[in-house]
Amino acid sequence: MTVDKIVDSKPLVSIVVPVYNSERYLDTLLDSLQGQTYRELEIICVNDGSRDGSLEILRRRSGSDSRIVVIDKENSGAASTRNVGIGHVSGTYMCFVDSDDRVVPTAIEQLVQVALEHDTDAVIFDMDNFDDETGETSPTNAVVKEFVPAGVVFRSSDIDNFYKRVVGFTVNKLYRTEYLKAISLRFPMVGAHEDMPFTYIALSAAERLYYLDETLYYYRRAREGSLSDGTNDDYRYMLDALLSFRDGLKEHGLWQECGRNFVNYALHMCHWKYTVLGRRNRWAFGGDCRARVFELFDIPCHERKFFFDEDDYAFFGHVAHPSLVYRMVTWGSFALLRLQRACSR
């Protein structure tokens, strides 16, 4: 995409950066933000009780660039840290950037141009993974291009299985601030996967979405201690995030048009989680799905034609209607897990 001159009155863009123990990477990230070709920025850096030199770096940088706003707080996790940042946003547009990543120099300029030209509530764009040690980059597949139209305005409900077609990353969207504030959206305190409900509710409530088929962001592969490092063998985090997502859709009056996509996504996430868990936790999760999780998300209430993905539905059939041996193994594992959780309280 060629970057043309934007109208003379340039809107302010607020960039929210949650920071936790990022001293190794913070200068690289801030270089990429301060070096943006679009200069009307407010870079809101929220230090989440870092125990390294991150706060000192932020204060040094803010001393030489008034666009950098530093907020220091006690450690409380990614969700509350981003929420604090949202509370300080004053720009016409806003986005989120992680403190160990980097942004293409023309990214904000391209995004603002698209947002103004198409009067969008949100612009979705592409991002790649990168590895410092090897220098290699790889696609994140944040958008399944076969299903999501580029270069046109659309709504999430226009796309079947939308939540599976657009990954709920926090960092590859530009939002119109007035629209986000109007729906009073915040990241839920669910321990992990908090980007899922926030992002998908924001996109579902949008009247005008736009997909810019450009790689504008480089996402560092997970590092130890990062704010994104929260997914493990405790699948309750994922379930809490899905419940928050479901309740948010209903609260904002979006269930009628987005409910089918949600149920499909809940099944997909259960299928995904089942494949990545260790064996004993996988069996326990299978027993839990059969005992309550599938019912929790209304999955058994629908006929086969309601579901978009054959593999996800096959997973449901395998777990919901298992052989006797599998039923005994998964139920026993689930009962043992519940006992362990009760004893650990």
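Here, every reference points to the structure presented above.
Residues numbered from 1 in each chain as written. Predicted model: local features only at pLDDT ≥ 70, side-chain atom pairs only at ≥ 80, totals over all residues. Heavy atoms only, no water.

**Student:** Describe in detail the overall build of the protein, supporting the description with residues and values.
**Tutor:** Assigned secondary structure in the protein consists of twelve helices and ten strands. At 21 Å, the protein has a C-alpha radius of gyration in line with the 20 Å of a compact globule built from 345 residues. Counting only C-alpha atoms and orienting by the principal axes, one finds that the protein spans roughly 70 × 45 × 40 Å. Sequence separation of 24 or more characterises 82% of the internal contacts of the protein that already satisfy a separation of 6 or more. Entry remark: accessible area of the protein is about 15,400 Å², with carbon and sulfur atoms responsible for 47%. Of note, the protein has its 40 positive side-chain charges centred 6 Å away from the centre of its 51 negative side-chain charges. (Helix = DSSP H or I, 4+ residues; strand = E, 2+ residues; numbered from the N terminus. Rg over C-alpha atoms; globule rule 2.2 N^0.38 Å. Contact = heavy atoms within 4.5 Å. Areas by Shrake-Rupley, 256 points an atom, 1.4 Å probe, with all protein chains shown as cover. Lys, Arg positive; Asp, Glu negative; His and termini not counted. Charge placed at Lys NZ, Arg CZ, Asp CG, Glu CD.)

**Student:** Would you mind going over the pairing of strand β2 (residues 41-48) in detail, with residue names and values included?
**Tutor:** Within β2, eight of the eight residues are buried, which leaves the element mostly enclosed by the surrounding structure. Alternating residues of β2 divide into Leu41, Ile43, Cys45 and Asn47 and Glu42, Ile44, Val46 and Asp48, and every residue in both groups is buried. Between strand β1 (residues 13-19) and its parallel partner β2, the chain crosses via helix α1 (residues 26-34), and the hand of that crossover is right-handed. Each parallel crossover has a hand, and the one from β2 via helix α2 (residues 54-64) to strand β3 (residues 68-73) is right-handed. (Buried < 20%, exposed > 50% of the residue type's maximum accessible area, 1.4 Å probe, protein only. Right-handed = clockwise from strand over helix to strand, strands pointing away.)

**Student:** Outline unusual backbone geometry, supporting the account with residue identities and numerical values.
**Tutor:** Trans is the prevailing form of peptide bonds, just as negative phi is the prevailing case for residues other than glycine. In the Ramachandran plot, Asn161 falls in the positive-phi region, its phi being about 60° despite a non-glycine side chain. Following the sequence through the fold, Asn161 ends up in the loop between β8 (153-154) and α5 (162-165). The class for Asn161 is buried, based on a relative accessible area of 2%. For Ser184, which is not glycine, the phi torsion reads 50° and is therefore positive. On the secondary structure map, Ser184 appears in the loop between α6 (177-182) and α7 (195-205).

**Student:** Can you explain the packing of helix α9 (residues 255-276) against helix α11 (residues 310-320)? Please cite residues and give values.
**Tutor:** As a packed pair, α9 and α11 sit with axes 9 Å apart at the nearest point and diverge in direction by 70°. As summarised for this structure, α9 and α11 are arranged roughly perpendicular, according to the angle between their axes. Between α9 and α11, the contacting residues are Leu267, His268, Cys270, His271 and Tyr274 on the first element and Asp311, Asp312, Tyr313, Phe315, Phe316, His318 and Val319 on the second. Of the residues belonging to the contact of α9 with α11, the class tally is seven nonpolar, three polar and two charged. (Axes fitted to C-alpha atoms, helices over the stretch in contact; angles between N-to-C directions. Parallel < 35°, antiparallel > 145°, perpendicular 65-115°, else oblique. Nonpolar A, V, L, I, M, F, W, Y, C, P; charged D, E, K, R; others polar.)

**Student:** Can you break down the environment of Asp98 residue by residue, with the values?
**Tutor:** Note that Asp98 resides in the loop between β4 (93-96) and β5 (102-103). Of the residues examined, Asp98 reaches a relative accessible area of 11% and is grouped as buried. Along the sequence, Asp98 and Cys270 sit 172 residues apart, while their C-alpha atoms lie 27 Å from each other. Once you skip the residues sitting within four places of it in the chain, Asp98 turns out to touch Val17, Pro18, Leu29, Arg82, Val171, Tyr217 and Tyr219. Polar contacts involving the side chain of Asp98 include one to the side chain of Arg82, which spans 3.1 Å. (Polar contact = N/O pair within 3.5 Å; in protein donor to acceptor, adjacent residues only side chain to side chain.)

**Student:** Can you tell me about the environment of Thr28, naming the residues and giving the values?
**Tutor:** Note on placement: Thr28 falls in helix α1. Along the sequence, Thr28 and Glu303 sit 275 residues apart, while their C-alpha atoms lie 51 Å from each other.

**Student:** I'd love a proper account of helix α8 (residues 236-251), names of residues and values included.
**Tutor:** Compared with an ideal rise of 1.5 Å per residue, which puts 16 residues at 22 Å, α8 spans 22 Å between its outermost C-alpha atoms and is within 8% of the ideal. Listing the buried residues of α8 in full gives Met238, Leu239, Ala241, Leu242, Phe245, Arg246, Gly248 and Leu249. Two residues or fewer after α8 comes Gly253, characterised by a positive phi angle close to 70°. (Expected span 1.5 Å × (residues − 1).)

**Student:** Please set out the pattern of salt bridges residue by residue, giving values where relevant.
**Tutor:** Evaluated as defined, the whole model comprises 20 salt bridges. Across the pair Lys145 and Asp126 runs a salt bridge, and its minimum N-O distance is 3.4 Å. Note that Lys145 is positioned in the loop between β7 (137-139) and β8 and Asp126 in strand β6 (residues 122-130), a separation of 19 residues in sequence. We classify Asp126 as buried; its relative accessible area is 7%. Salt-bridge contacts for Glu178 lead to Arg176; the nearest nitrogen and oxygen are separated by 3.6 Å. Classification of Glu178 by relative accessible area gives exposed; the value is 61%. Note on Arg176: relative accessible area 23%, which makes it partly exposed. Taken together, the shared-partner salt bridges in this structure form one network comprising Asp27, Asp31, Arg60 and Arg61. (Salt bridge = Lys/Arg side-chain N within 4 Å of Asp/Glu carboxyl O.)

**Student:** Break down the pairing of β4 for me, with residues and values.
**Tutor:** By the alternation rule, side chains of β4 split into Tyr93 and Cys95 and Met94 and Phe96, which are all buried. Alignment of β1 against β4, held across four bridges, turns out to be parallel. Opposite Val13, over in β4, you have Tyr93 as the bridge partner. The pairing of β4 with strand β9 (residues 173-176) spans three bridges and is antiparallel. (Pairing = 2+ DSSP bridges.)

**Student:** Provide a residue-level description of the side chain of Arg61, including the pertinent values.
**Tutor:** Among the structural elements, Arg61 can be located in helix α2. Classification of Arg61 by relative accessible area gives buried; the value is 12%. One polar contact links Arg61 to Asp27, side chain to side chain, over a distance of 3.1 Å. Non-local contacts of Arg61, meaning those with residues more than four positions away in its chain, are made with Asp27, Leu30, Asp31, Gln34 and Ile68.

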